[in-house]
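A closer look at the structure
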Amino acid sequence: MKHLRKILVATDLSETSRRGLRYACALAGDEKAALLVLHIANEFAAWEYYSEEFAFVTDKPWPRDRILAEAALDLNHFLQPHLENMKAIPLVTKRIAFGAIARRIAAVAGEERADLVVISPRRHNGLRRLFGGSVTADVTRLSPCPVLSVTSPLPAQLWRGRRLPNWIGWLRPSAANI
């Protein structure tokens, strides 16, 4: 197996991406690899609301440097619970980028010469997955290095609401048997 020197973990500051961050921290600690935590800021996070009318303020958008500064504060707040896990990692760096999410993740992976990209996809269903596409699929296609997708396990679905007759003597299977 190839020795990992630098691991890039992309985060959107959601609870889903915490799982990917924990996994990347453990992997970087085991491999003694550097860890780069990447957050892609976007201009939609900079919209403000009027307090009375709840309308978007569009005549005065935030400057790009303020958006990046706010994103850096949010990233620091997001990483606070994981500082104990990061002590075993030789080098941890943070980076905020601005732009199209999948393209920027792939570009930063190339610039930083990352050996692995860790990403935590959100589970979408129905029309959102069909028409919206997937950031994880785009990153996998564009990335110059392997991409590890870390997802949470699906809950067990026992028989999906169907019942078997009790007179046959069958019991409902446990989650371990499915």
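Relevant structure appears above.
The rules behind the values
- Residues numbered from 1 in each chain as written.
- Predicted model: local features only at pLDDT ≥ 70, side-chain atom pairs only at ≥ 80, totals over all residues.
- Heavy atoms only, no water.
- Core = buried A, V, L, I, M, F, W, Y, C linked by side-chain atoms within 4.5 Å.
- Buried < 20%, exposed > 50% of the residue type's maximum accessible area, 1.4 Å probe, protein only.
- Helix = DSSP H or I, 4+ residues; strand = E, 2+ residues; numbered from the N terminus.
- Salt bridge = Lys/Arg side-chain N within 4 Å of Asp/Glu carboxyl O.
- Pairing = 2+ DSSP bridges.
- Right-handed = clockwise from strand over helix to strand, strands pointing away.
- Axes fitted to C-alpha atoms, helices over the stretch in contact; angles between N-to-C directions.
- Left-handed = near helix turned anticlockwise from the far one by under 90°.
- Contact = heavy atoms within 4.5 Å.
- Nonpolar A, V, L, I, M, F, W, Y, C, P; charged D, E, K, R; others polar.

Grouped together as the largest cluster of nonpolar side chains are 19 residues, with contacts concentrated most on Ile7, Val9, Leu21, Leu35, Val37, Leu79 and Val118. Those elements giving two or more residues to this core turn out to be β1 (6–11), α1 (15–31), β2 (34–41), α2 (64–79) and β4 (116–119). A total of five residues in this core trace back to one element, the largest contributor, which is α1. Grouped together as the second largest cluster of nonpolar side chains are 15 residues, Leu8, Leu36, Ala114 and Ile119 included.

What follows deals with the pattern of salt bridges. This structure, assessed with the given rule, holds seven salt bridges. With its nearest N and O atoms 3.8 Å apart, the salt bridge here joins Arg5 to Asp115. One end of the pair, Arg5, is in the segment before β1; the other, Asp115, is in the loop between α3 (101–111) and β4, with 110 residues separating them in the sequence. Classification of Arg5 as exposed rests on a relative accessible area of 55%. Among the ionic pairs, Glu112 bridges to Arg95, the shortest N-O distance being 2.9 Å. Of the two residues, Glu112 is situated in the loop between α3 and β4 and Arg95 in strand β3 (residues 92–98); the sequence distance between them amounts to 17 residues.

In this section: the pairing of β1. With respect to burial, β1 is a largely interior element, five of its six residues being buried. Note that β1 and β2 share six bridges and pair parallel. Residue pairing across strands places Ile7 opposite Leu35, the latter belonging to β2. One crossover worth recording links β1 to the parallel β2 by way of α1, and it is right-handed. Relative to β4, β1 is paired through three bridges, and the arrangement is parallel. Across the sheet, Leu8 pairs through a bridge with Val117, a residue of β4.

Here we come to the packing of α3 against helix α5 (residues 135–142). Helix packing for two helices is described by the angle between their axes and how far apart those axes are. Where α3 contacts α5, the axes come no closer than 9 Å and their chain directions differ by 35°. The chirality of how α3 crosses α5 is right-handed. Mapping the contact onto sequence places Ile101, Ala102, Arg103, Ile105 and Ala106 in α3 and Val135, Asp138, Val139 and Leu142 in α5. Grouping the amino acids of the contact of α3 with α5 by side-chain chemistry returns seven nonpolar, no polar and two charged.

With a phi close to 65°, Leu13 is a non-glycine residue in the positive phi region. Within the element layout of this structure, Leu13 appears in the loop between β1 and α1. On the basis of relative accessible area, Leu13 is assigned to the partly exposed category, the value being 26%. Within the chain, Arg113 stands out as a residue other than glycine whose phi angle is a positive 55°. Residue placement: Arg113 occurs in the loop between α3 and β4.

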